[in-house]
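Given next are the chains, with one letter for each unit.
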Amino acid sequence: GTKVAFLIEPIQGSDMARGGRNILSQEIKTIAGRLRYQGEGEGELSICISISEPQGKKYVKPALVGFRISETGEAELEEEELKVEKAKSNPVEEKNQAEAKVHLSEMQRILTKMIKDSSLLLRNADMIKDEEGAFHKQSVEMNSASKWWPMLHVVVLLVTGFTQANHVIRFFKSRHII
């Protein structure tokens, strides 16, 4: 299947030393996975993600990769390790907590997606409402123009006809034809 490779390393000019524990290169072959990176020192990191498809595929389908970065200090890591050790002593409780955590995180993901979808729908509805209002205004203006434009044409034709008739009459009178 598809493989996703991650490369995490300090950027050029960072305060972190390049090399050793500060570089992580790992490949994930499953749909979901987790990486843990623990560097030495503080500085900016570069995260590179590359996706490779199996050989022989005619069309490479696009892949969506999402990731979340959480920063923890050494104290939080030690607390987490203590929790893991305590959980190992009671595997049933560990399993129940893990299942509950997975269920709650899935619920959170679903709720977040629903909130994003509803806000997208509301933005689209507002945009469509604005476009509909602009279209209605344009339609009203066109209706008004379609009523007055022919009347203006008739007035111009009448004035032009009257003016030409006067010129013709004056011409014939000046030549004593009438």
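Calculation notes
Residues numbered from 1 in each chain as written. Predicted model: local features only at pLDDT ≥ 70, side-chain atom pairs only at ≥ 80, totals over all residues. Heavy atoms only, no water. Helix = DSSP H or I, 4+ residues; strand = E, 2+ residues; numbered from the N terminus. Buried < 20%, exposed > 50% of the residue type's maximum accessible area, 1.4 Å probe, protein only. Contact = heavy atoms within 4.5 Å. Areas by Shrake-Rupley, 256 points an atom, 1.4 Å probe, with all protein chains shown as cover. Pairing = 2+ DSSP bridges. Axes fitted to C-alpha atoms, helices over the stretch in contact; angles between N-to-C directions. Patch = residues over 30% accessible without salt bridge, like charges linked within 9 Å, V, L, I, M, F, W, Y side chains within 5 Å. Salt bridge = Lys/Arg side-chain N within 4 Å of Asp/Glu carboxyl O. pLDDT = per-residue confidence, 0-100.

## Quick notes on the overall build of the protein
Counting its secondary structure elements, the protein contains 2 helices and 3 strands. The order of α-helices and β-strands along the protein, N terminus first, is β-β-β-α-α. Of all 178 residues assigned to the protein, the portion counted as buried reaches 7%. Sequence-distant contacts in the protein: of pairs separated by 6 or more residues, those separated by 24 or more amount to 48%. Taken as a whole, the protein presents about 16100 Å² of accessible surface, with 59% of it coming from carbon and sulfur.

## With respect to unusual backbone geometry
Despite not being glycine, His176 shows a phi value in the positive range, around 55 degrees. Here His176 shows up in the segment after helix H2 (91-174).

## Digging into the sheet that holds strand E3 (residues 45-52)
As summarised here, the arrangement of the 3 strands in space is E2-E1-E3, forming an open sheet in which the pairing is antiparallel. Two strands in the sheet have a free side with no partner beyond their single neighbour: strand E2 (24-28) and E3. On average, adjacent strands in this sheet sit at an angle of 15 degrees to one another, irrespective of strand direction. Inspection of the sheet shows strand E1 (residues 3-10) paired to E3 by 8 bridges, in the antiparallel sense. Counted as the bridge partner of Pro10 is Leu45 from E3.

## Focus: a nonpolar patch on the surface
On the surface, a cluster of nonpolar side chains totalling about 490 Å² of accessible area is made up of Val168, Phe171, Phe172, Ile177 and Ile178. Considering the arrangement of structural elements, one finds Phe172 in helix H2. Owing to a relative accessible area of 30%, Phe172 belongs among the partly exposed residues under this scheme.

## Notes on the pairing of E1
The two faces of E1 differ: Val4, Phe6, Ile8 and Pro10 on one face are buried, but Lys3, Ala5, Leu7 and Glu9 on the other face are not. Strand direction decides the pairing type here: E1 and E2, joined by 5 bridges, are antiparallel. Counterpart to Ala5 in the pairing with E2 is Glu27.

## Here's the deal with the environment of Glu53
With respect to the helices, strands and loops of the structure, Glu53 is situated in the loop between E3 and helix H1 (74-89). Spatially, the C-alpha atom of Glu53 lies 6.6 Å from that of Lys3, the residues being 50 residues apart in sequence.

## Here's the deal with the confidence of the model for the protein
For the protein, the mean per-residue pLDDT works out to 80, and 81% of the residues sit at or above 70. At the level of individual helices and strands, the protein shows its lowest average pLDDT in H1, which scores 58, and its highest in H2, which scores 88.

## Remarks on the environment of Arg18
Tracing the chain through its elements places Arg18 in the loop between E1 and E2. Separated by 22 residues in sequence, Arg18 and Glu40 have C-alpha atoms that sit 9.9 Å apart. What Arg18 contacts, discounting residues up to four positions off in sequence, is Glu9, Pro10, Ile11 and Gln12.

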